[in-house]
Structures are given as structure tokens and as C-alpha cells.
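Here are the chains, one letter per residue:
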Amino acid sequence: MTATATQLRHASRNLPRYTSYPTALAFQPAEGADAPLGWFADVDPADVISAYVHVPFCRRLCWYCGCHTTVAHEYDRIDSFQQILDREIDLVARALGPHAGAAHLHFGGGSPNSLSPEHFLKLVTKLSDRLRLRPGAEVAVELDPALLSDEFVDALGEGGVTRASLGVQTFDPGVQEKVNRIQPFEKVAASVERLRARGIAGLNFDLMYGLPDQTPENVTSSVELALRLRPDRVAVFGYAHVPWMKKHQVMIKEADLADVAGRWEQADAADRALTAGGYVRIGLDHYARPEDPLARAQAAGRLRRNFQGYTDDPAPVLIPVGPSSIGQFREGFVQNAIATDTWSAAIRQGQLPLARKLVLSPEDRLRAAVIERLMCDLAVDVEAVCLDHGFAADSLDESLRGAAEAAADGLCRVDGRRIVIPEDARRLMRVVAACFDARLPVAQTRHAKAV
């Protein structure tokens, strides 16, 4: 659909993606005596845990990238990293109190397949042992499909990986050249075939819009090629051009980027192709086959949102492993040191490499619950959430007045204290969620455009 002037105005706003509330911009220093080590020890013995492992290396630098990563030209650097990571896992296991085991391991980056197959297998085996991986647990790995060797695929299979997420982004050769990520369709297709042959049944694709020289036509073509490979899930992300934060993005010329109307049309083209292909919309920017666990979780009202995006993982505790990794406990959020040398120095001294934290207040939890339901369900009964969290029914009425202003622009409907985001406003759900963000005025320019 063609966007209205009002929709484009909201699409141009800088807003959080709300993978957490409060967002990471609100985190505070937490080194030394301020590190929340007690949060690890005080995990409820009945709690199932998850872990996110960040591998901050790639074998090539894609110019659109916004991740904490670097290219290691010699493997010695990755070898040293892997040895420190091994020690961190021991520190984490010793710091954790009794728990019910791990239901989910997620390896991200960077590119985890920048590790050697031997080092990856050692890593996943140790985590499975030290965090006591539960039967039927999901083990998910983000991969660079063009640089995926047969030996690494064998290591994935032997390590019990159940889901692989392939960073496809685009199949258009011209766009690939503009962002320094050359990977022909045939190479990605070969990677998919090898993964399935090794028993890795769950396959996710990441696609993008807003890249240089992208158009609705070549976005549609990329989606249609992707669907020929039958991924279970597809995420469609908008490129965030922030060269003042990610210096390598200066390689992308702003003249090659679409304006907000063009970005909207590209996102719309991807949406039409995916839904025509039988995929179900999941939240803001994910799609899944109707039989996929993510689609089933959404239908049952069990969809969650965390730092990895949309998930059906119900674990209340997320353990951070690796530099920059973010964790979540009942008490709040923690983040490991971002710089690899700072992270490794702490571990060499026998300390968890915690650098930042955020203690959640009761109001933070209340607002987080409302925002998560809006981002997952496109609807929320604000009064019911307030009462469920021990607040008065009218505690968020000021935020509801902001939602009423969004409703006047057609972004939602407000009936008493219940909010519903209509299907034609799904792409702007972050605008409605932001009405409940009490910290939004702080550093809004650090956030990406709403579309």
C-alpha cells in the first residue's frame, strides 16, 4: 500500500526497536564492586535459563553492518579469544546458583562460523555440559552462508544445533557489491542443502531493505528467491545508516539510499511477497510458516521479545557470554564489556566481565509488559496489566493520552484502556509502543528510523 503523509512522518522518527525496556541506552556502569554478581547466584532453582554467546569476529566486513564485530586477518587472534571464552564459561557456571538447566543456546555475532569447526564444537559441547542443556533444547547459530564450509556444517550437526539463521540480506548482485557482501544464490542454496542434510531442520533467513540501490522490484526478487529455499522463518530488517557510529558505513553513499517513502515501498514489497508465499506475519518484522513454533506461539499469546528479536523461549533468565553480550535476570539487565581486550582482561583476573547493568523498578516492569504485548500481539489491555503488576488501574493514563494522539493519526484504536494496532499500521507499532516509554527523550538520535 502507498503510505500516507502522516504515516511517512511517523516512519521518519528515530525510535527504539524495543528488544528490551528500558533499552540498553539506559544501562549504567557496573564494574568491580558495582557488578551484580548476586543476580547470578540468586537464580531460582526452578528457573530454566537461556544463554546468548557473542562471537565478535567476521571473515569479511559488510559495509551495512551495525554489530560489534571486527575482521580477524590471522586466526591466532580468534584462537586466543576462544581460550578466554572457555574460561568465561567456567566463571559463569561457578557464579550461577542452582537452576533447572538451559532450554536455549543462541550463538550470534559477528559470525560464529569465523571460528574453526573444532573450536565451535568444543564451545557448544562445553556450554551444553556446564549449563546443563535440557532435552529438546534449541541450539541456534547465526551464519555467514557464503563462507560456510562442509567441515563447519559437520560440527553444527555433531554439536546438536537445531536452528541456523543465515544472513542473506539480498540476492541482488548489484546491491551485494554496494555493501561488500557477495554471495550468489547458488552458494546460499548449497549451504541450505548441506545444513538440512546434516539434520539441522530449522532454518531462518535475514533479509534487508533500505540498502543502496535497493528497489521494490529487486527486494521482491530477493524474497522470491529466498522462498525457493523454503526457510521456516524470515526476518526483514531496515538498514540503519549511522556512519557517525559505525565508521565503515562511510563506504555506502547516501545518494544510493532511498528516502523514507522508498524504504516504505521496499518494506511493503517484501511483505506482499512473503504473505503471498504463505508466511504469517510475526510482530514487527518477522515472518514464519504457519506450522512453525514461532507462529504457534503468536497464535497462543506466548510470543516473547528479547535481544535476539521475536522468540518462543519462555526462560526468565538470559546468561550473557562473550564481549558486548547482554543478559537478563529477574532483577534487571547486565552487559559484558564491549571491547574484547577489556572483556578478556577481566576474565584473566578471574572476574566476570560485567560492565553495565540496569536494576528494574516496578514501574519499569509494568511499562515493559505493556510494550512487549504491543510489539508481540498488536494489542494490550493496559488496565489489566496495571492490576496484574500491583498498580492502580489508571497508573498509565498519561501514556494512554499519548496513544490517543497516535489513534488520531490512525496508528491504533483506543477503547477505554485497551489498545489495538490495526493491520495497516503494523509497521508503525514502535510509535505506539513509544507512548509508554518514560525514558524516550534521552538520546533519541541513537535509535534507527521507525521504517
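These notes cover the structure that comes with them. As the structure is a computational prediction, the values presented were derived from the model and not from experiment.

Counting secondary structure elements, the chain contains 15 helices and 20 strands. Computed over C-alpha atoms, the radius of gyration of the chain comes to 21 Å, within 12% of the 22 Å expected from 2.2 N^0.38 for 451 residues, which places it in the range of a compact globule. Along the first, second and third principal axes, the C-alpha atoms of the chain reach 55 × 50 × 40 Å. Here the chain holds 451 residues, and 57% of them are scored as buried. Pairs at least 24 residues apart make up 73% of the contacts formed inside the chain by residues separated by at least 6 positions. Surface accessibility of the chain: about 18500 Å² in total, with carbon and sulfur atoms responsible for 50%. Between the mean site of the 51 positive side-chain charges and the mean site of the 58 negative ones, the chain shows a separation of 1 Å.

Among the nonpolar cores identified, the biggest contains 121 residues, and F107, L195, I319, I419 and F436 are the most heavily contacted of them. Once you skip the residues sitting within four places of it in the chain, F436 turns out to touch Y21, R367, V370, I371, L374, V382, L396, S399, L400 and I419.

As a further point, take the packing of aromatic side chains. Across all of its chains, the model carries nine aromatic pairs by this definition. Seen in terms of ring centroids, W39 and F329 are 6.2 Å apart; in terms of plane orientation they differ by 50°. Their pairing is tilted. Separated by 290 residues along the polypeptide, W39 in helix α2 (residues 37–41) and F329 in the loop between β15 (326–328) and β16 (332–336) bring together distant segments of the chain. Given the relative accessible area of 11%, W39 is considered buried. Assessed through its relative accessible area of 2%, F329 is described here as buried. Their ring planes at 70° and their centres at 5.3 Å tell us that F171 and F185 sit as a pair that is edge-to-face. One end of the pair, F171, is in the loop between β7 (163–169) and α6 (173–179); the other, F185, is in helix α7 (residues 185–197), with 14 residues separating them in the sequence. Of the two residues, F171 and F185, both sit in the buried class.

Residues in a regular strand project their side chains so that they alternate between the two faces of the sheet. Most of strand β2 (residues 49–55) is tucked away, with seven of its seven residues classed as buried. Residues I49, A51, V53 and V55 point to one face of β2 and S50, Y52 and H54 to the other, with burial holding for every one of them. The pairing of β2 with strand β5 (residues 102–109) spans seven bridges and is parallel. Bridge assignment links A51 to a residue of β5, and that residue is L105.

A few words on helix α8 (residues 216–228). For α8, spanning 13 residues, the distance from its first C-alpha to its last is 19 Å, which sits close to the expected 18 Å at 1.5 Å a residue. For α8, the elements touching its buried residues are α6, β8 (202–209) and α9 (260–276). Downstream of α8 by a residue or two, R230 has a phi angle that is positive, lying close to 55°.

The three strands lie next to each other as β18-β20-β19, forming an open sheet whose pairing is antiparallel. On the outer flanks of this sheet lie β18 (379–381) and β19 (413–415), each paired with one strand and no other. With strand direction ignored, the average angle separating the axes of adjacent strands in the sheet is 10°. Judged from the three bridges that link them, β19 and strand β20 (residues 418–420) form a sheet pairing that is antiparallel. The residue of β20 that forms the bridge with R413 is V420. Seen against the sheet, helix α12 (residues 362–377) touches β18 and β20 and runs at an angle of roughly 145° to β18.

Turning our eyes to something else, we now look at the packing of helix α4 (residues 117–130) against helix α5 (residues 150–158). Angle between the axes and distance between the axes are the two parameters that describe a pair of packed helices. Closest axis-to-axis distance for the α4/α5 pair is 9 Å, and the angle between their directions is 15°. One finds that α4 runs roughly parallel with respect to α5. Seen along the crossing, α4 lies across α5 with a hand that is right-handed. Listed contacts from α5 to P117, F120 and L121 of α4 are E151, F152, A155, L156 and E158. Partitioned by chemical class, the residues of the contact of α4 with α5 number six nonpolar, no polar and two charged.

Here Y21 and P22 are connected by a cis peptide whose omega angle stands at -10°. The residue P22 is located in the loop between α1 (5–11) and β1 (28–29) in this model. Residue G109 is joined to G110 through a cis peptide bond whose omega torsion reads 20°. Looking at where G110 falls in the secondary structure, it is placed in the loop between β5 and α4. Positive phi, normally seen in glycine, also occurs at S324, with a value near 75°. Mapping S324 onto the fold places it in the loop between β14 (317–321) and β15.

So, on to the packing of helix α3 (residues 75–95) against α4. For the pair α3 and α4, interaxial distance at closest approach is 10 Å and the crossing angle is 5°. Considering the angle they form, α3 stands roughly parallel to α4. For the pair α3 and α4, the contacting residues are Y75, D79, Q82, L85, D86, I89, D90, A93 and R94 in the first and H119, K122, L123, K126, L127 and R130 in the second.

Relative to the helices and strands, N113 is located in the loop between β5 and α4. A distance of 3.1 Å separates a polar side-chain atom of N113 from the backbone nitrogen of D144. Only 3.3 Å separates the side chain of N113 from the backbone oxygen of L147, close enough to count as a polar contact.

Before going further, it helps to examine the pattern of salt bridges. Under the criterion given, the structure shown has 27 salt bridges. Between R17 and D285 there is a salt bridge, and its shortest N-O distance comes to 2.2 Å. Here R17 is found in the loop between α1 and β1, whereas its partner D285 is found in the loop between β10 (280–282) and β11 (286–288), with 268 residues between them in sequence. According to the relative accessible area criterion, D285 is buried, its value standing at 6%. Here R272 ties to D268 by a salt bridge, and the two come within 2.9 Å at their closest N and O atoms. Within this pair, R272 and its partner D268 are both found in helix α9, separated by four residues, close to a single helical turn. One salt-bridge network, held together by shared partners, links D86, D90, K126 and R130.

Basis of the calculations
- Think of each chain on its own: its residues are numbered from 1, step by step along the sequence as written.
- pLDDT decides what is reported in this predicted model: residues at 70 or higher carry local features, side-chain atom pairs at 80 or more are listed and counted, and totals for whole chains, interfaces and linings draw on all residues regardless.
- Only hydrogens and water are set aside; all other atoms, that is, all heavy atoms of the structure, feed into the side-chain values.
- In this description a helix means any DSSP run of H or I spanning at least four residues, a strand means any run of E spanning at least two, and both kinds are numbered starting from the N terminus.
- In this treatment the radius of gyration is a C-alpha quantity, and the globule benchmark scales as 2.2 Å times the residue count to the 0.38 power.
- Buried, partly exposed and exposed residues are distinguished by accessible area as a fraction of the type maximum, computed with a 1.4 Å probe on protein chains only: under 20%, between the cut-offs, and over 50%, respectively.
- Contacts: residue pairs with any heavy atoms within 4.5 Å of one another.
- What sets the accessible areas is the Shrake-Rupley method with a 1.4 Å probe; for residues, cover comes only from the shown protein chains.
- Positive charge is attributed to Lys and Arg, negative charge to Asp and Glu, and no charge count is given to His or to the chain ends.
- For this purpose, a charge sits on NZ of Lys, CZ of Arg, CG of Asp or CD of Glu.
- Remark: nonpolar core denotes a set of buried residues (Ala, Val, Leu, Ile, Met, Phe, Trp, Tyr, Cys) joined through side-chain atoms within 4.5 Å.
- Between rings of Phe, Tyr and Trp, where Trp is taken as its six-membered ring, a pair exists when centres lie within 6.5 Å; planes separated by under 30 degrees are stacked, by over 60 edge-to-face, and by other angles tilted.
- Any two strands between which DSSP finds at least two bridges are classified as paired.
- For a helix, the expected span equals 1.5 Å multiplied by the number of residues minus one.
- Fitting a line to C-alpha atoms yields each axis, with helices limited to the stretch in contact; the angle taken between N-to-C directions then spans 0 to 180 degrees.
- In what follows, roughly perpendicular refers to angles from 65 to 115 degrees, roughly parallel to angles under 35, roughly antiparallel to angles over 145, and oblique to any angle outside these ranges.
- Note on convention: near helix rotated counterclockwise from far helix by under a right angle means a left-handed crossing. Clockwise means right-handed.
- Amino acids are sorted into nonpolar (Ala, Val, Leu, Ile, Met, Phe, Trp, Tyr, Cys and Pro), charged (Asp, Glu, Lys and Arg) and polar (every other residue, Gly among them).
- Here a polar contact means two N or O atoms within 3.5 Å. Within protein one must be a hydrogen donor candidate and the other an acceptor candidate, and residues neighboring in sequence count only if both atoms are side-chain atoms.
- Just to be clear on terms, a salt bridge is a Lys or Arg side-chain nitrogen sitting within 4 Å of an Asp or Glu carboxyl oxygen.

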